[in-house]
Amino acid sequence: MSDTLTQAERSERMSRVRNKDTKPEKVVRSILHRMGFRFRLHTNTLPGKPDIMLPKHKKVIFIHGCFWHRHGVCRALSIPESNSDKWAAKFADNVRRDGEKLAAVRAAGWDVLVVWECELRDLAKLEITLREFMAKPSHLAA
Ligand SMILES: [Zn+2]
């Protein structure tokens, strides 16, 4: 009963998990769930497909990896030494696109929170951040 998956099935399942449900996202979802909030995932109806959307509250949450999205205060920021110009251009592009997405979502009337991967290291603090974000009146309602 314990080991009924073949190796292929197992790795297929693992890759599916990795693609769709990155761990930080799962953690954020479970905290929100515990707080009693209902949400939708990866919705196509807003720019940048926010990772988590809380339609009732008009709030969305993006979960960003510190390396790819260039978290300003994070130590995960080193640029690979080979092809560093290319990397720098790629990163600049990511950051620009992130900025555009967030601005577009805000312009559509949604409150936006970005959760950085490194914030998952302190779950008590992350929970407070999420609680405050959810408690804040939506900027349209204010
Ligand atoms: Zn970070």
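Described in the following lines is the structure provided in the data block. Remember, predicted model here, so these are calculated numbers, not experimental data. (Residues numbered from 1 in each chain as written. Predicted model: local features only at pLDDT ≥ 70, side-chain atom pairs only at ≥ 80, totals over all residues. Heavy atoms only, no water.)

Our next topic: the coordination of the zinc ion. Donor atoms from the polypeptide that bind the zinc ion are C66 (SG), H71 (ND1), C74 (SG) and C118 (SG), placed at 2.1 to 2.6 Å. Considering all four donor atoms around the zinc ion, the spread of angles at the metal, 96 to 126°, places the coordination shape in the tetrahedral class. Sequence spacing of the donor residues for the zinc ion, all on one chain, is C-x4-H-x2-C-x43-C. With relative accessibility at 3%, the residue C66 sits in the buried group. Looking at H71, the relative accessible area reads 10%, which means it is buried. (Donors = N, O, S within 2.8 Å, 3.2 Å for Na, K, Ca; no water. Tetrahedral: all angles 85-135°; square planar, octahedral: opposite > 155°, others 65-115°. Buried < 20%, exposed > 50% of the residue type's maximum accessible area, 1.4 Å probe, protein only.)

The four strands lie next to each other as β1-β2-β3-β4, forming an open sheet whose pairing is mixed. Of all the strands in the sheet, the pair left with one neighbour each is β1 (40–41) and β4 (111–116). The pairing of strand β3 (residues 59–64) with β4 spans six bridges and is parallel. Bridging across to β4, V60 finds its partner in V112. This element, helix α5 (residues 123–135), spans β2 (52–54), β3 and β4 of the sheet and lies at about 175° to β4. (Pairing = 2+ DSSP bridges. Helix = DSSP H or I, 4+ residues; strand = E, 2+ residues; numbered from the N terminus. Contact = heavy atoms within 4.5 Å. Axes fitted to C-alpha atoms, helices over the stretch in contact; angles between N-to-C directions.)

Before going further, it helps to spend a moment on the nonpolar core. Counting residues in each nonpolar core, the largest one holds 17 residues, and the members touching the most others are V28, L32, I52, I61, V115, L126 and L130. Top contributing element to this core by residue count: helix α2 (residues 23–35), with five residues. Not counting residues within four places of it along the chain, the set of residues in contact with I61 comprises L32, P50, D51, I52, L54, L113, V115, L130 and F133. Counting residues in hydrophobic clusters, the runner-up holds 13 residues, among them M53, C74, L102 and W110. (Core = buried A, V, L, I, M, F, W, Y, C linked by side-chain atoms within 4.5 Å.)

These values are about where atoms sit, not about what they do.
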